[in-house]
Amino acid sequence: MTETSKVTTAPTRPKYLRKGEQTRAAILDVALELASRDGLEGLTIGLLAEKMKMSKSGVFAHFGSREDLQIEVVRLYHNRFEQDVFYPSIKEPRGLPRLEGMFARWIKQVTVEIALGCIYISGAVEYDDRPGAIRDHLVAMVQAWRDALERCIKQAMEAGHLRPDIEVSQMVYEMYGLILALHHDARFLHIPGSVERAEASFRRLIDSYRPQGSDSASNSTGNGNGATPAKNSKSAARKAA
């Protein structure tokens, strides 16, 4: 992901689709829902055909193979992640406001996925030791998001919002760790208050990387619309619940 996106541009579904395109889009919507629930390996042509009330040959006609279908599901998930998390965030001012916006929207995404599941996380478990095209697509798309976070952190350093001596890859690791912990505690263990813990941890993380002598209260830039990421995420969590 760059501001013009390495993996995809900011695509939107055409207003008018031909019948075949409409059917293909509908199949992918259902396939993404099934893969989010059962994992990419749990996605079968037979189950999808049953859900769509189509023949297996009818589903195959749109994708050609199960692997092609799985790859298209990964692409669709990535596209929606960009639309919901990445593109709105790059409209924020460069630096810490943008980084805070990214993390706030990332948390909001997790609150939705508490019920549905995350393709990136489940895919990492399914394909961590399985080389092939599906793994390659997953890795490329996760790496694109990590690269976007790294660029945003560097911009915050250049703007003086964060210390100039930060090890950027370490900060990305810590941010990713918070999201994985949130997903684990909220989805697997059903621990109340997991979203608030993740938000509090992110605020402490940001404060630990601020320049010495900076006032975290006065320097907190929020997400560009007058509300802090924590408030936005809490609101999102309540809506998701």
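Residues numbered from 1 in each chain as written. Predicted model: local features only at pLDDT ≥ 70, side-chain atom pairs only at ≥ 80, totals over all residues. Heavy atoms only, no water.

Q: Explain a nonpolar patch on the surface to me, please; I cannot follow it from the model alone.
A: Taken together, F188, L189 and I191 make up a surface patch of nonpolar side chains, about 290 Å² in accessible area. Within the fold, I191 resides in the loop between α8 (168-188) and α9 (194-208). (Patch = residues over 30% accessible without salt bridge, like charges linked within 9 Å, V, L, I, M, F, W, Y side chains within 5 Å. Areas by Shrake-Rupley, 256 points an atom, 1.4 Å probe, with all protein chains shown as cover. Salt bridge = Lys/Arg side-chain N within 4 Å of Asp/Glu carboxyl O. Helix = DSSP H or I, 4+ residues; strand = E, 2+ residues; numbered from the N terminus.)

Q: What exactly am I supposed to notice about the nonpolar core here?
A: A general trend in soluble globular proteins is that nonpolar side chains are found buried together. One finds W145 and L162 to be the most contacted residues of the largest nonpolar core, which totals 66 residues. Broken down by element, the residue count for this core peaks at 12 residues, all from helix α7 (residues 133-158). What W145 contacts, discounting residues up to four positions off in sequence, is M1, F81, V85, F86, M102, W106 and Y176. (Core = buried A, V, L, I, M, F, W, Y, C linked by side-chain atoms within 4.5 Å. Buried < 20%, exposed > 50% of the residue type's maximum accessible area, 1.4 Å probe, protein only. Contact = heavy atoms within 4.5 Å.)

Q: I'm lost on α7 in this one. Help?
A: Given 3.6 residues per turn, any residue in an α-helix points the same way as the ones three and four places further on. Across its 26 residues, α7 extends 37 Å between first and last C-alpha, which sits within 8% of the 38 Å expected from 1.5 Å per residue. Of the residues trailing α7, G160 is marked for its positive phi of about 85 degrees. (Expected span 1.5 Å × (residues − 1).)

Q: Before we go on, may I ask you to explain helix α1 (residues 19-38) in this structure?
A: The terminal C-alpha atoms of α1, which comprises 20 residues, lie 28 Å apart, in line with the 28 Å expected from a rise of 1.5 Å per residue. Those residues of α1 that sit buried are A25, I27, L28, V30, A31, L32, L34, A35 and S36. Of the surrounding secondary structure, the elements contacted by the buried residues of α1 are α2 (45-52), α3 (56-63), α4 (66-89), α5 (96-116), α6 (119-127) and α8.

Q: Honestly, the environment of H62 in this entry has me stumped. Any pointers?
A: When you line up the elements, H62 lands in helix α3. On the basis of relative accessibility, which here comes to 23%, the residue H62 falls in the partly exposed class. Residues in contact with H62, not counting those within four places in the same chain, are G20, T23, R24, I27 and M54.

Q: Which parts of the structure should I look at to understand the UniProt feature "DNA-binding region" (unreviewed entry) in the protein?
A: In the numbering used here, UniProt assigns the "DNA-binding region" (unreviewed entry) feature to residues 44-63. End C-alpha atoms of residues 44-63 are separated by 12 Å, and the span's content is 80% helix alongside 0% strand. (UniProt positions renumbered as here; feature names shortened; annotations may be inferred.)

Q: Can you help me understand the packing of aromatic side chains in this one?
A: Where two aromatic rings form a pair, the distance of their centres and the angle of their planes describe that pair. Tallying each qualifying case throughout the model produces eight aromatic pairs. Ring centres of F81 and W145 lie 5.0 Å apart, and the angle between their planes is 80 degrees; on these two criteria the pair is classed as edge-to-face. Taken together, the residues span a long stretch of sequence, with F81 in helix α4 and W145 in helix α7 at a distance of 64 residues. By the burial criterion, F81 is buried, and W145 matches it. Among the aromatic side chains, those forming a connected cluster through ring pairs are Y77, F81, F103, W106, Y120, W145, Y176 and F202. (Phe/Tyr/Trp six-rings, centres within 6.5 Å; stacked < 30°, edge-to-face > 60°.)

Q: Help me understand the packing of α1 against α2 in this model?
A: A pair of packed helices is captured by two measures, namely the crossing angle of their axes and the spacing between those axes. In the contact formed by α1 and α2, the axes pass within 10 Å of each other and the chain directions differ by 125 degrees. As far as their axial angle goes, α2 and α1 are oblique. Pair α1 / α2 crosses with right-handed handedness. Along its contact with α1, which presents A26, I27, V30, A31, L34, R37 and D38, the element α2 presents L47, L48, K51 and M52. Its residues assigned to classes, the contact of α1 with α2 shows eight nonpolar, no polar and three charged. (Axes fitted to C-alpha atoms, helices over the stretch in contact; angles between N-to-C directions. Parallel < 35°, antiparallel > 145°, perpendicular 65-115°, else oblique. Left-handed = near helix turned anticlockwise from the far one by under 90°. Nonpolar A, V, L, I, M, F, W, Y, C, P; charged D, E, K, R; others polar.)

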